[in-house]
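As a plain string of letters, each chain reads:
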Amino acid sequence: MSDAHTHAPPDFDAAFRAKFRELLEWRRDVREFRIDPISDGMFERLVEIACLAPSVGLSQPWRFVLVDDPDRREAVRRSFEACNQEALQCQRGERAMLYARLKLAGLNQAPVQFAVYADQETEQGHLLGRRTMPETLMYSAVAAVQTMWLAAQIEGLGLGWVSIINPEAVDAALLVPESWRFVGYFCLGYPAHPDDVPALQRAGWEHRHDFSEFITRR
Ligand SMILES: Cc1cc2nc3c(=O)[nH]c(=O)nc-3n(C[C@H](O)[C@H](O)[C@H](O)COP(=O)(O)O)c2cc1C
């Protein structure tokens, strides 16, 4: 079962590299959407690209649940509202005031909404790489999300990750199999205000630190 490769890898030239960096700089977590729908087949195209992501043992454990049903969306929105209120109670003083002003999900406007799960029992990949680290299934699903995030940005679309939510409430609303573990809930659509600075940085909540802080040498 050999897959002989005769063609050379593409040359990612300086112009491409500069564009790639721009893509990374402009990729945003989006919480404010225009209500315009996205084109037919776009979601499927983005999922197809997401499936090029790396996965442990080539297990492709990611599962995408597209949520169109208004009642199911409402159940998710209610979970977000409740969790966001609880999160606010955990903040104190000025931080609490700032938190209360943040917009942390676009669940009211986003035309496309979906949940991502990782199937903990998939036989694909034949267990390779995940015997001692079953969490690699979750990491793989996150790799797919990041790939989709970039692909969406290229299309001028924004993706917003909603984790201020009760996974069990989402599982119940979406009737997913027991073996699927919740990764996140996502809003997709055209961003109302494209920006190259993270919303949390613009709001004064947090700022990006310099990469050198994240390197340790031993
Ligand atoms: C695992 C994960 C969970 C997140 N959950 C939320 C969320 O619930 N609400 C929110 O507004 N942003 C959420 N975000 C987005 C981050 O706040 C955002 O990525 C960060 O502020 C940097 O902004 P940027 O993505 O626009 O660069 C999440 C991001 C990740 C990676």
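This text follows the structure it describes.
The following paragraphs examine the structure supplied in this document. Because the structure is predicted, anything quoted here is derived from the model rather than measured.

Rules of the game
Residues numbered from 1 in each chain as written. Predicted model: local features only at pLDDT ≥ 70, side-chain atom pairs only at ≥ 80, totals over all residues. Helix = DSSP H or I, 4+ residues; strand = E, 2+ residues; numbered from the N terminus. Buried ≥ 20, exposed ≤ 12 C-beta atoms within 10 Å, placed from the backbone. Contact = placed C-beta atoms within 7 Å. Axes fitted to C-alpha atoms, helices over the stretch in contact; angles between N-to-C directions. Parallel < 35°, antiparallel > 145°, perpendicular 65-115°, else oblique. Left-handed = near helix turned anticlockwise from the far one by under 90°. Nonpolar A, V, L, I, M, F, W, Y, C, P; charged D, E, K, R; others polar. Pairing = 2+ DSSP bridges. Arc of directions from axis to C-beta. Near = placed C-beta within 6 Å.

## Thoughts on the overall build of the protein chain
Working step 1: What the protein chain contains, in helices and strands, is seven helices and four strands.
Working step 2: Listed by position from the N terminus, the elements making up the protein chain come as α-α-β-α-α-β-α-β-α-β-α.
Working step 3: With respect to the principal axes defined by its C-alpha atoms, the protein chain has extents near 60 × 50 × 45 Å.
Working step 4: By the burial criterion, 26% of the 218 residues in the protein chain qualify as buried.
Working step 5: Partitioning the contacts of the protein chain with sequence separation of at least 6, the portion at a separation of at least 24 is 84%.

## Here we look at the packing of helix α2 (residues 42-50) against helix α5 (residues 136-154)
Working step 1: Running from N to C, α2 and α5 cross one another at 130°; their axes reach a closest spacing of 8 Å. When the axes of α2 and α5 are compared, the pair comes out oblique. The two elements α2 and α5 cross, and the hand of that crossing is right-handed. Along the contact surface, α2 presents Leu 46, Ile 49 and Ala 50, while α5 presents Ala 144, Thr 147, Met 148, Ala 151 and Ala 152.
Working step 2: Grouping the constituent residues of the contact of α2 with α5 by class yields seven nonpolar, one polar and no charged.

## Some points on the sheet that holds strand β2 (residues 112-119)
Working step 1: What the four strands build is an open sheet, ordered β1-β2-β4-β3; its pairing is antiparallel. Only two strands of the sheet have a single neighbouring strand rather than two, namely β1 (62-66) and β3 (158-162). Here the strands of the sheet are splayed against their neighbours by 30° on average, with no regard to which way each runs.
Working step 2: Against the sheet, helix α6 (residues 167-174) makes contact with β1, β2 and β4 (180-189), and its axis sits at roughly 80° relative to β4, the strand it touches most.

## Let's talk about unusual backbone geometry
Working step 1: The backbone phi angle of Gln 60 is positive, close to 40°, even though this residue is not glycine.
Working step 2: When the 21 C-beta atoms within 10 Å are taken as the criterion, Gln 60 is described as buried.

## Points about α6
Working step 1: Among all positions in α6, only Val 170, Ala 173 and Leu 174 are buried. Projected down its long axis, α6 shows its buried positions confined to an angular sector of 85°, all on one face.
Working step 2: Where α6 is buried, its residues meet β1, α3 (70-89), β2 and β4.

## Focus on the pairing of β2
Working step 1: Among the eight residues that make up β2, seven are buried, leaving the element largely enclosed by the rest of the structure.
Working step 2: Here β1 runs beside β2; their pairing, made up of five bridges, is antiparallel. Paired with Leu 66 across the two strands is Phe 114, which belongs to β2.

## Side note on the site of the ligand
Working step 1: Near the ligand you find Arg 28, Asp 29, Arg 31, Leu 104, Ala 105, Trp 161, Val 162, Ser 163, Ile 164, Pro 198 and Leu 200, and these make up its full shell.
Working step 2: In terms of residue class, the shell around the ligand is built from seven nonpolar, one polar and three charged.

## Observations concerning the pairing of β4
Working step 1: In terms of burial, β4 is a largely internal element, nine of the ten residues being buried.
Working step 2: Judged from the eight bridges that link them, β2 and β4 form a sheet pairing that is antiparallel. What sits directly across from Tyr 117, in β4, is Phe 182.
Working step 3: Of the strand pairs in this sheet, β3 and β4 are connected by five bridges, and their pairing is antiparallel. Bridge pairing in β4 links Leu 159 to Leu 188.

## Quick word on the environment of Asp 195
Working step 1: Residue position: Asp 195 is located in the loop between β4 and α7 (199-202).
Working step 2: Sequence separation between Asp 195 and Arg 28 is 167 residues, and the spatial gap between their C-alpha atoms is 7.4 Å.
Working step 3: Discounting chain neighbours no more than four positions away, the residues touching Asp 195 are Arg 28 and Arg 202.

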